[in-house]
Amino acid sequence: MEKLLKTLGPVCAIIGAQWGDEGKGKAIDLLSEHYDVIARACGGANAGHTIVVKGKKHVFHLLPSGALHANTTVIIGSGMVLHLPTLLEEIRTLQEIGIDVLPRLFISEEAHILFEFHKGIDAAMEEMRAAKSGKGIGTTRRGIGPAYMDKAARRGIRMGSLKDDLTKEIEARVEPVKRSFGATVDVELESKNLAEARKVLAGRVANTVALLHRFLNEGKKILIEGAQATLLDIDHGTYPYVTSSSTTAAGALQGLGLPPRCLTSCIGVAKAYCTRVGEGEFLTEVMSETGDRLRKRGGEYGSTTGRPRRCGWLHLPDLVFSAQVNGTTHWNITKLDVLDEEETIPVGIGQKTDGSVQYENLPGWKTSTEGVISFEKLPKNAQAYLTFIEKQTGVPVALAGTGQEREAMIVRE
Ligand code: IMP
């Protein structure tokens, strides 16, 4: 681990390379005890980072999953949109298992508040899209797009205003929200939520940009926890089937107010196969029993919405693209063990002239890799699978996940 930490350097970003749900939480959990500061930069409660500790599942939507480690300072960055009841609930859940995150939590004064009515608008917009074209984007309906709409329209309400009475601002939204989207603004509910959040969180709102720069100057180590993933990026993803924030390494730095040159490494996280929730292109998707088998073995149901995930094979051009956009220095390939029973593993390596996917069929290993923690102990074909990814993408596989437990991870120095 020591050698790996040296190559990662003091400021590392962990970024999804596919369409989210790659299992970023596990690498974050493994690394965060070696970092002083854990920061989330963008997105909101559309994310669901699951980690399993002693057989118990913990899902984080807003708090970075590195918050589980008692000695870390936790930053919620400027680029985020925050549903405050969800944040309070997560803080409480951690308290119940003996982890008090509040005294070490700093929330950016620039982060935007996501209200209940944003969720109402999200649902209304999805229904409008479905009525118009037969299908929506398949959003998580957590209000993410509408919260970022308000931010871009410069009428959002930021955490810096949490200390104030915001009743008038909320009341002013009743009519326009009804007129434009047929959605309701429940002023009483929003005010109640704000009052509860104010009591607990107002004292934790800070200038996190200044704070992060102070930490940098003090030589503290910062782990940046990406949310969603590269192919869901508002600019570089499979538009319009994307989320509304910048999910890349550059987006994370922007969302924290950190300069690009401070990043010393970027771990790209990709499943050994591929999944997607919601609508949009997925060239290597498999619909047959094979898709069902991957879904079952991988437990591929959304951690935020419970929706069954679409499943398919790894598509290396996506990893190459993701490595370019993010400056990926290391891969974490996750859930290798899900492929344990496959006879042959097709990997998308490009497109044929007719536009269909060109596959390379790699031999499966038909042996359990669950819980294996050293590359040398992997079956030869599983080693070859990882080596193939490295060769095709030009990025080394530093971490490989081999099971649900936090210990089930190969760390290559
Ligand atoms: P939104 O972010 O809720 O607006 O959803 C936009 C698209 O991004 C939909 O296809 C969602 O399923 C997808 N999405 C958003 N967050 C996540 C995530 O954390 N994991 C996987 N997909 C996500």
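Just so it is clear, the structure is predicted and the values come from calculations on it, not from any experiment.

> An account of the overall build of the chain is needed here, citing residue identities and associated values.
A count of helices and strands for the chain gives 12 helices and 17 strands. By the compact-globule yardstick of 22 Å for 413 residues, the chain fits well, its C-alpha radius of gyration being 21 Å. When the backbone C-alpha atoms are referred to their principal axes, the chain occupies close to 65 × 55 × 40 Å. Put simply, the chain has 413 residues, and 56% of those count as buried. Entry remark: accessible area of the chain is about 17400 Å², with carbon and sulfur atoms responsible for 51%. Positive and negative side-chain charges of the chain, numbering 50 and 50 respectively, have mean locations separated by a distance of 1 Å.

> I'd like to hear about the site of the ligand, residue by residue, with values.
Taken together, 15 residues lie near the ligand, and Asp21, Asn46, Thr140, Thr243 and Arg307 sit nearest. Contacts to the ligand include Gly138, whose backbone N or O atom sits 3.3 Å from an oxygen atom. Between an oxygen atom of the ligand and a side-chain N or O atom of Arg307, the distance comes to 3.0 Å. Taken by itself the ligand offers 470 Å² of open surface, and the protein chains cover 96% of this. When the residues that make up the shell around the ligand are grouped by side-chain class, the tally is six nonpolar, seven polar and two charged.

> Quick one: what's the story with the packing of aromatic side chains, residue by residue and with numbers?
By convention here, two paired aromatic rings are described through the distance between centres and the angle between planes. A complete count under the given rule lists three aromatic pairs for this structure. Between the aromatic rings of Phe115 and Phe117, the centroid separation amounts to 5.4 Å while the plane-to-plane angle is 5°, which identifies the pairing as stacked. In terms of burial, Phe115 and Phe117 fall into one category: buried. Taking the ring centre of Phe106 as reference, the NZ or CZ of Arg204 above it sits at 5.0 Å.

> So what's going on with the nonpolar core? Residues and values would help.
Formed by 38 residues in total, the largest nonpolar core has its most connected members in Leu63, Leu82, Leu84 and Leu201. Within the residue set of this core, elements represented by two or more residues are strand E5 (73-82), helix H3 (84-96), strand E6 (105-108), helix H4 (116-133), helix H6 (167-181) and helix H7 (187-201). If one sorts the elements of this core by residue count, H3 sits on top with five residues. Residues in contact with Leu63, not counting those within four places in the same chain, are Ile76, Leu87, Glu90, Ile91, Leu94, Val101 and Leu105. Membership of the second largest hydrophobic core comes to 33 residues, among which are Leu316, Leu378, Val395 and Ala400.

> Which residues make up helix H12 (residues 380-393), and what are the values?
Here H12 contains 14 residues, and its C-alpha end-to-end distance of 20 Å stays within 8% of the 20 Å for a straight helix at 1.5 Å per residue. Where H12 is concerned, the buried positions are Ala382, Gln383, Tyr385, Leu386, Phe388, Ile389, Glu390 and Thr393. Buried residues along H12 sit against helix H11 (316-326), strand E13 (330-334), strand E14 (344-351), strand E15 (357-363) and strand E16 (397-401).

> Describe the pattern of salt bridges, with residues and values.
Within this structure, the stated rule accounts for 21 salt bridges. Note that Glu22 and Lys24 form a salt bridge whose closest N and O atoms lie 3.0 Å from each other. Here Glu22 and Lys24 have matching classes, each one buried. Salt-bridge contacts for Glu300 lead to Lys271; the nearest nitrogen and oxygen are separated by 2.9 Å. Linking Glu300 in the loop between helix H10 (289-298) and strand E12 (310-312) with Lys271 in strand E10 (residues 265-271), this pair joins segments that are 29 residues apart in sequence. For the pair Glu300 and Lys271, a shared accessibility class is recorded, and that class is buried.

> Account for the pairing of E6, with residues named and values stated.
Here E5 runs beside E6; their pairing, made up of three bridges, is parallel. From the neighbouring strand, Ile75 faces E6, where its bridge partner is Phe106. Regarding topology, H3 serves as the crossover connection from E5 to the parallel E6, and that connection is right-handed. One ladder, built from two bridges, connects E6 with strand E8 (residues 205-206); its direction is parallel. Along E8, the bridge assignment pairs Ser108 with Ala206.

Conventions we followed
Residues numbered from 1 in each chain as written. Predicted model: local features only at pLDDT ≥ 70, side-chain atom pairs only at ≥ 80, totals over all residues. Heavy atoms only, no water. Helix = DSSP H or I, 4+ residues; strand = E, 2+ residues; numbered from the N terminus. Rg over C-alpha atoms; globule rule 2.2 N^0.38 Å. Buried < 20%, exposed > 50% of the residue type's maximum accessible area, 1.4 Å probe, protein only. Areas by Shrake-Rupley, 256 points an atom, 1.4 Å probe, with all protein chains shown as cover. Lys, Arg positive; Asp, Glu negative; His and termini not counted. Charge placed at Lys NZ, Arg CZ, Asp CG, Glu CD. Near = heavy atom within 4 Å. Polar contact = N/O pair within 3.5 Å; in protein donor to acceptor, adjacent residues only side chain to side chain. Nonpolar A, V, L, I, M, F, W, Y, C, P; charged D, E, K, R; others polar. Phe/Tyr/Trp six-rings, centres within 6.5 Å; stacked < 30°, edge-to-face > 60°. Lys NZ or Arg CZ within 6 Å of the ring centre and 35° of its normal. Core = buried A, V, L, I, M, F, W, Y, C linked by side-chain atoms within 4.5 Å. Contact = heavy atoms within 4.5 Å. Expected span 1.5 Å × (residues − 1). Salt bridge = Lys/Arg side-chain N within 4 Å of Asp/Glu carboxyl O. Pairing = 2+ DSSP bridges. Right-handed = clockwise from strand over helix to strand, strands pointing away.

Read these as spatial facts, not as claims about activity.
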